[in-house]
Amino acid sequence: MVTMLKQALFRVFRKLETKHHELNYLFWECTTRCNLNCRHCGSDCSKDSFYKDMPLDDFLKALDTIESPSEHFTVVLTGGEPLLRKDIELCGREIRKRGMRWSMVSNGYLYNNEKHISLLNAGLGALTISIDGLESSHNWLRNNDKSFERVDIAIGLAASSSRLNFDVVTCVNKRNFQELEEIRTYLIQKGVKAWRLFTIVPIGRAKEDDEMFLTDHQFRELMDFISESRTRKDIDVKFSCEGFVGEYESKVRDSNFFCRAGINIGSILIDGSISACPNIDRTFSQGNIYKDNFFSVWQTKYELFRDRSWTKTGKCTECKDYKNCQGNGFHYWHGEKKNVLVCHNERLKKTTNC
Amino acid sequence: MKRDWKRKIIGGLCLTSVAFVFQACYGTPQDFGNDLLVEGLVKSKKTGLPIKGIKVSVDERVQYANTDENGKFSLYIDKLQHANIKFKDVDSTQNIWFSNKDTLITINESVLTSKQPKVYLNIELENK
Ligand code: SF4
Ligand code: SF4
């Protein structure tokens, strides 16, 4: 009863948030160059990307269209690997000059002591570094023998900062699944305070790689691992925002599932496309900064993001949980968009009686 | 404004103090703005000219910056009420050694609680 009431209240809150659609999280895909070649990468990033890095001035022109940014407005630099940009500190400083904040997602390979200092000097406020297992599984997934050694340094540096809001993300797959407890211990020893776990989307080069995907039973075990970990208070473990997890909703995150793509999350992608999270299908693009006013696109478009009724198709049509889930994370709609790519709730229900 | 209150009240009632603080799968946590911008200019007390290559650091922390050719420096540091900003000649680029200087700063409450807190320092260094 209490749970149902809370859910109902949350739906009202979600509706208000959608109506208000305050932009407070803007991804900037500032490069698609990458220094690694990860097995799970959903993008076509490579050392020599097809796209040139977006010039800072082009991005700033779009940023300057935002009238009175919200209180917690943050620009999240993502890639590719943002640290491959030589002007990363300048990018950060220009964002800060505008009274805005910035953060960054990195694979940690180039994050050494010098970089740590120059980024802090430039006003970096939050950072996420990804680690996908202990040494051998991480290096396997990253296709690079030195990757763990380098990310280990990066994590140590980032965790030592009293000012950075820092967390680590892990893409859980069949290889690292058995190591979760050890990774947890490793992160605690490194002084990491927050750890976010997610699973892989069956797209890009990961699609054909069976080792990347958990079985339904493993997925349930993952939920159990996260919910049990959250009862121990030594590190803040959570499942990422990626999908609705039915019976585990209140156990694996701080808040109910709410895909905020296009509601609070926008993006400017490498080719100037205006969209939401960088991992969603590129055909959802709402405009382009090279021909549209970014903020007026944010204010007036994004209909498909703000009215999700079109996701009531395929397996979502008859779903009893639709009102709480609304078709799962937006990034699970690709191609023809006739069916959701993954339903976490269904995976869990399949293993209920085991 | 009214709508914002409604949002905040209902968000609070959802018992999710984090209702307004979120992150996307591949995104970062929110930046809570725990920093303070320290900018300034370092000059020679004797000549009044700017000094390049002075190392500026804070207390015993790892962070530091060097003054540029115009004697300017700029770095975001932890938001502290009191800090000891240290100036040290590390390269003697002008073939003159300057004395080190420690400057204790106290940041008042109104600066600390402003949206982008910052302080500006004018520093003069003596010849050694
Ligand atoms: S069927 Fe669709 S709406 Fe229902 S839980 Fe699965 S993804 Fe969500
Ligand atoms: S699209 Fe995916 S990553 Fe983005 S907010 Fe929705 S669930 Fe999270």
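Residues numbered from 1 in each chain as written. Chains lettered and ligands numbered in written order. Predicted model: local features only at pLDDT ≥ 70, side-chain atom pairs only at ≥ 80, totals over all residues. Heavy atoms only, no water.

**Digging into the overall build of chain B**
Our working definition: Only DSSP runs of H or I reaching four residues or more are called helices, and only runs of E reaching two or more are called strands; each is numbered from the N terminus. Whether two residues are in contact is decided by their heavy atoms: any pair within 4.5 Å suffices. Exposure was quantified through the Shrake-Rupley algorithm and a 1.4 Å probe, taking into account, for residues, occlusion by the shown protein chains and nothing else.
Along the backbone of chain B there are two helices and seven strands. The order of α-helices and β-strands along chain B, N terminus first, is α-β-β-β-β-β-β-α-β. Restricting to contacts in chain B with at least 6 residues of sequence separation, those with at least 24 account for 59%. Working note: accessible area of chain B is about 7100 Å², and carbon and sulfur atoms make up 53% of it.

**A short note on the sheet that holds strand β3 (residues 64-66) of chain B**
Residue and element names in this part refer to chain B. The criterion, for reference: Two strands are said to pair when DSSP picks up at least two bridges between them. Geometry is summarised by axes, namely lines fitted to C-alpha atoms with helices restricted to the contacting stretch, and by angles between N-to-C directions that run from 0 to 180 degrees.
An order of β3-β2-β5-β6 is seen for the four strands of this open sheet, with the pairing classed as antiparallel. The open sheet is flanked by β3 and β6 (101-106), the only strands paired with a single partner. Mean inter-strand twist for the sheet, computed between neighbouring axes without regard to direction, equals 20°. The sheet contact formed by strand β2 (residues 54-58) and strand β5 (residues 82-89) spans five bridges and is antiparallel. Looking across to β5, one finds that Lys55 is bridged to Lys88.

**Quick look at the site of ligand 1**
Going by this rule: Here a residue is near a molecule or strand as soon as one of its heavy atoms is found within 4 Å of it. Only Asp, Glu, Lys and Arg are considered charged, only Ala, Val, Leu, Ile, Met, Phe, Trp, Tyr, Cys and Pro nonpolar, and every remaining residue, Gly among them, polar.
As a matter of local geometry, ligand 1 sits amid Lys315, Cys316, Cys319, Tyr322, Cys325, Gly327, Asn328, Val340, Cys343 and Asn345 of chain A. Across the shell around ligand 1, the residue classes break down as six nonpolar, three polar and one charged.

**Things to note about the interface of chain A and chain B**
Note the following rule: The buried area of a pairing is the accessible area, by a 1.4 Å probe, that goes missing from both parts when the two are put together, added over both. By definition, a salt bridge exists where a carboxyl oxygen of Asp or Glu is found within 4 Å of a side-chain nitrogen of Lys or Arg.
In this assembly, 55 residues from chain A lie in contact with 40 residues from chain B. Here chain A and chain B share an interface that buries about 4400 Å² over both sides, 55% of which is from carbon and sulfur atoms. When residues of chain A are sorted by the area they lose upon contact with chain B, Tyr25, Arg101 and Arg163 of chain A head the list and together hold 15% of the total. The interface formed by chain A and chain B holds four salt bridges in total. Salt-bridge contacts for Arg101 of chain A lead to Asp31 of chain B; the nearest nitrogen and oxygen are separated by 3.4 Å. A per-element tally of the side of chain A that touches chain B places helix α1 (residues 2-20) of chain A first, with eight residues. In terms of residue class, the side of chain A that touches chain B is made up of 24 nonpolar, 17 polar and 14 charged.

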